[in-house]
Amino acid sequence: MRILFLTYHGFEEASGISKKMLAQIKGLRQNGHDVHVCYYDLAADGSRCRYVDGEVIRNYGRGRWATLLQRMDYRCVNDYCRTHQIELVYVRCFMNASPFNIRLFRQLRVDGIRAVMEVPTYPYDGEFASLPMKYRVEHIFDKLFRNLLASYMDAIVTFSDAPQIFGQRTIRISNGVDFDMLPLHQSQMITANSQLHLIGVAEVHPWHGFDRVLTGIGEYYRLGGEKRVVFHVVGGVCNSMMNDFRSIIEQYHIEDKVVFHGKLFGTKLDEVFAQCHFAIGSLARHRSGITRIKTLKNREYAARGIPFIYSEEDSDFDQQPYVLKAPADESLVDIQRIIDFVDNFQMKPEEVRKTVEHLSWKVQMEKVIRIIEKIIR
């Protein structure tokens, strides 16, 4: 099948979202499909361009008008699909619903080209209450048009359990992993006198609940905890959240127990993982109204072979022996519970990884195409 993978932004080396999309594209190709990648990015001279496979298919120019035009004019995408006999458009769509997008997919349908839209997080309305006004306005606009946009799709791909989203049927899969990009964790022995290093990797938002870990570390020491516990935070943290984190750190005087590494990838990220014994997943999805979700991070931790904690419901991991479940509330994380868990943990990284072999992107994207082929028939 000739597929156009469509996204509305470019790719960044340190971005988890970019890595995920590239892995999905790889998974489609591993299943024998002819996949072309359409994205939007800035050219070297500052021009705003839409690309397919690195070639410019539309240069919108520079300046304010070009910024607006790239959000309004998708004719180049439709022309490319028609000219290159694209059979399916797989679009990663989040907060992109607009009359202009609707016009694109209406025309694709007229041309006999199938389309599926991935909604990476659902439901997502609750995530916007804590975000800046710019995003809340975009969210209002999205709510006006997303049902109509969904009506021009053949299905919506979701990592939730929802049978319908925006009135459209869903294809329910799990987030996947690219095992080639995730080295096995180099396990370290823990002794009674050793340090415990925790790692949390995310573009940090309130729903990650890292404040629960910081408060947990503070209370662990306030109550007389003796083991040295260090929390390594890898990823971007916005100013407002950093201020909240600093307040907790200063309150408990745990400045030497928290390390903010910023964005890391490749060997540098692997080196931080090598220091750590236990990983932190999402601990506050309840803040945005989400109960069940299959997050990418849980799967990446398992693929590396490191034990981890999270608070949402995730049917792929809820019963696994390398997982600790935290309550989905505002209580602090019990650090002594993590220490006891790690002290008694026996599984080898390769044993943990083996439990998620079925979650490769090759397998997950094969599910999408198999269902689409049934719809087409």
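Residues numbered from 1 in each chain as written. Predicted model: local features only at pLDDT ≥ 70, side-chain atom pairs only at ≥ 80, totals over all residues. Heavy atoms only, no water.

Draft legend 1. Representation of the sheet that holds strand E6 (residues 114–119). Strand order across the open sheet formed by nine strands is E4-E3-E2-E1-E5-E6-E7-E9-E8, with mixed pairing between neighbours. Strands with a single pairing partner mark the edges of an open sheet, and in this sheet they are strand E4 (55–59) and strand E8 (164–165). Pairing geometry for strand E3 (residues 48–52) and E4, over four bridges, is antiparallel. Across the sheet, the residue bridging to cysteine 49 is asparagine 59, located in E4. Where helix H3 (residues 75–83) meets the sheet, it contacts strand E1 (2–6), strand E2 (34–42), E3, E4 and strand E5 (88–92), and its direction lies at approximately 135° from that of E4. The sheet contacts of helix H4 (residues 99–110) involve E1, E5 and E6, and relative to E5 the element is tilted by about 160°. (Pairing = 2+ DSSP bridges. Helix = DSSP H or I, 4+ residues; strand = E, 2+ residues; numbered from the N terminus. Contact = heavy atoms within 4.5 Å. Axes fitted to C-alpha atoms, helices over the stretch in contact; angles between N-to-C directions.)

Draft legend 2. Up close: the sheet that holds strand E15 (residues 323–325). The strand order E12-E11-E10-E13-E14-E15 describes an open sheet built from six strands, whose pairing is parallel. Single-partner strands in this sheet number two, and they are strand E12 (258–262) and E15. Pairs of neighbouring strands in the sheet enclose a mean axial angle of 25°, with direction left out of account. Here six bridges tie strand E10 (residues 196–201) to strand E11 (residues 229–234), and the two strands are oriented parallel to one another. Among the inter-strand pairings, leucine 196 is bridged to a residue of E11, identified as valine 229.

Draft legend 3. Examining the pairing of E1 more closely. With four of five residues buried, E1 is to be regarded as a mostly interior element. Sheet analysis places E1 next to E2, joined by five bridges and oriented parallel. Paired with leucine 4 across the strands is histidine 36, a residue of E2. With helix H1 (residues 16–30) bridging E1 and its parallel neighbour E2, the resulting β-α-β unit is right-handed. In this structure, E1 lies alongside E5, joined through four bridges in parallel fashion. From the neighbouring strand, phenylalanine 5 faces E5, where its bridge partner is tyrosine 90. (Buried < 20%, exposed > 50% of the residue type's maximum accessible area, 1.4 Å probe, protein only. Right-handed = clockwise from strand over helix to strand, strands pointing away.)

Draft legend 4. Quick look at unusual backbone geometry. A cis amide bond links tyrosine 122 with the next residue in sequence, proline 123, at an omega value of -5°. If you check the backbone angles, phenylalanine 166 has positive phi at about 55° while not being a glycine. Examined against the element boundaries, phenylalanine 166 turns out to sit in the loop between E8 and strand E9 (168–172). Phenylalanine 166 gets classed as buried once you look at its relative accessible area, which sits at 12%.

Draft legend 5. Here's a closer look at helix H6 (residues 210–222). End to end, H6 covers 19 Å across 13 residues, agreeing with the expected 18 Å (1.5 Å per residue, within 8%). Taken together, the buried positions of H6 are occupied by Phe210, Arg212, Val213, Leu214, Gly216, Ile217, Gly218, Glu219 and Tyr220. In the core, the buried residues of H6 are packed alongside E10, E11, helix H7 (239–252), E12, strand E13 (278–280) and helix H10 (335–343). (Expected span 1.5 Å × (residues − 1).)

Draft legend 6. Molecular detail of the packing of aromatic side chains. According to the stated counting rule, one finds 19 aromatic pairs in the structure shown. Where phenylalanine 245 meets phenylalanine 260, the ring centres are 6.2 Å apart and the plane angle is 10°; that geometry is what we call stacked. With a gap of 15 residues between them, phenylalanine 245 in helix H7 and phenylalanine 260 in strand E12 connect regions that are remote in the sequence. According to the relative accessible area criterion, phenylalanine 260 is partly exposed, its value standing at 24%. A ring pair is formed by tyrosine 301 and phenylalanine 308, whose centres lie 5.7 Å apart and whose planes are at 50°; its orientation type is tilted. Phenylalanine 308 shares its class with tyrosine 301; the two are buried. A cation over an aromatic ring shows up here: arginine 304 above the ring of phenylalanine 273, its NZ or CZ 4.0 Å from the ring centre. (Phe/Tyr/Trp six-rings, centres within 6.5 Å; stacked < 30°, edge-to-face > 60°. Lys NZ or Arg CZ within 6 Å of the ring centre and 35° of its normal.)

Draft legend 7. View of the pattern of salt bridges. Taken as a whole, this structure holds 25 salt bridges when the rule is applied. The salt bridge partner of glutamate 118 is arginine 92, with a shortest N-O separation of 3.7 Å. A residue pair is termed long-range when its members are at least 10 positions apart, and glutamate 118 in strand E6 and arginine 92 in strand E5 qualify at 26 residues. Arginine 92 shares its class with glutamate 118; the two are buried. Salt-bridge contacts for lysine 257 lead to aspartate 256; the nearest nitrogen and oxygen are separated by 2.9 Å. A relative accessible area of 12% means that lysine 257 is categorised as buried. Given the relative accessible area of 44%, aspartate 256 is considered partly exposed. Within this structure, Lys294, Arg299, Asp314 and Asp316 form a network of salt bridges that share partners. (Salt bridge = Lys/Arg side-chain N within 4 Å of Asp/Glu carboxyl O.)

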